[in-house]
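Chain residues, written in single-letter form:
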Amino acid sequence: METVTIGYIVIGILVVVLLLQRKQIDKNSEYDSYADEKNEWAILTSFSELKLLSKYAGELRFGPAFIHLKTEPKNTFGKEFFGDWFFRTEDGVYLQKWNSNPIKSGVHTRANNDLIYYDRLKNKIEVLETGIKSFHWTMEKGENNELTLISDNGKTENRIKITNANNV
């Protein structure tokens, strides 16, 4: 009886050690939200021949969601992170590109974003403004189709005129 009890104790200890090792290995491996099959690609917006697809990558606690983007039929985007904000025009889309990896930095992610424009006709991305310190954006259309990006970080509201909006 004692031998059986000692055997169960030894087996129990081995199982616990193996489970802890497995959990430690999983912790060290980096999560790849781009390749995660749990979240599917969905249409963010589409033009006649082109689809801009988004895939949920996560969200900041008490903050915005972040996504991956790709275009079909020919993908222009990499594995970067983008905010879920976008503003569509006739020839393309304005997007919020994140310059940090929110999966690595988590709740300590600071807003440092770029305003980019994806031109669907040229299938090219152009960075229009860099280093915007806010996740919360709105676009305002003024007279003569002038666009102004309004970024609000909760303390200050910044207005950025998009001067090359019609030239992109």
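Here, every reference points to the structure presented above.
My aim in this report is to walk through the structure given alongside it, one point at a time.

The rules behind these values
- Residues numbered from 1 in each chain as written.
- Predicted model: local features only at pLDDT ≥ 70, side-chain atom pairs only at ≥ 80, totals over all residues.
- Heavy atoms only, no water.
- Pairing = 2+ DSSP bridges.
- Helix = DSSP H or I, 4+ residues; strand = E, 2+ residues; numbered from the N terminus.
- Axes fitted to C-alpha atoms, helices over the stretch in contact; angles between N-to-C directions.
- Core = buried A, V, L, I, M, F, W, Y, C linked by side-chain atoms within 4.5 Å.
- Buried < 20%, exposed > 50% of the residue type's maximum accessible area, 1.4 Å probe, protein only.
- Contact = heavy atoms within 4.5 Å.

1. Points about the pairing of strand S4 (residues 81-88)
Logical step 1: In this structure, strand S3 (residues 65-72) lies alongside S4, joined through two bridges in antiparallel fashion. By the bridge assignment for S4, Ile67 is matched with Phe82.
Logical step 2: Bridging between S4 and strand S5 (residues 92-98) involves five bridges; their strand directions are antiparallel. Residue pairing in the sheet places Arg88 in a bridge with Val93 of S5.
Logical step 3: Between the antiparallel neighbours S4 and S5 lie three residues.

2. Details of the sheet that holds strand S9 (residues 147-152)
Logical step 1: The strand order across the open sheet built from three strands is S8-S9-S10, with neighbouring strands paired in antiparallel fashion. Two strands close off the open sheet at either side, each with one partner strand: strand S8 (136-141) and strand S10 (157-162). Recorded for the sheet is a direction-independent mean angle of 25 degrees between the axes of neighbouring strands.
Logical step 2: Sheet analysis places S9 next to S10, joined by six bridges and oriented antiparallel. Across the sheet, residue Asp152 finds its bridge partner in S10, namely Glu157.

3. Some remarks on the nonpolar core
Logical step 1: Counting 12 residues, the largest nonpolar core is built from Trp85, Tyr94, Leu115, Tyr117, Leu128, Ile132, Trp137, Met139, Leu147, Leu149, Ile160 and Ile162.
Logical step 2: Put simply, the parts of the chain that give this core at least two residues each are strand S6 (113-119), strand S7 (124-132), S8, S9 and S10.
Logical step 3: Excluding its chain neighbours within four sequence positions, the residues that come into contact with Ile160 are Glu129, Ile132, Leu147, Thr148 and Leu149.
Logical step 4: Judged by nonpolar contacts, the second largest core, of 11 residues, contains Leu50, Ile67, Leu69 and Phe77.

4. With respect to the sheet that holds strand S1 (residues 42-46)
Logical step 1: If you trace the seven strands from one edge of the open sheet to the other, you get S1-S2-S3-S4-S5-S6-S7, paired in antiparallel fashion. Each having just a single partner strand, S1 and S7 make up the two edges of the open sheet. In this sheet, adjacent strand axes meet at a mean angle of 35 degrees when their direction is disregarded.
Logical step 2: Both S6 and S7 contribute to a ladder of six bridges, which runs antiparallel. Looking across to S7, one finds that Asp119 is bridged to Lys124.

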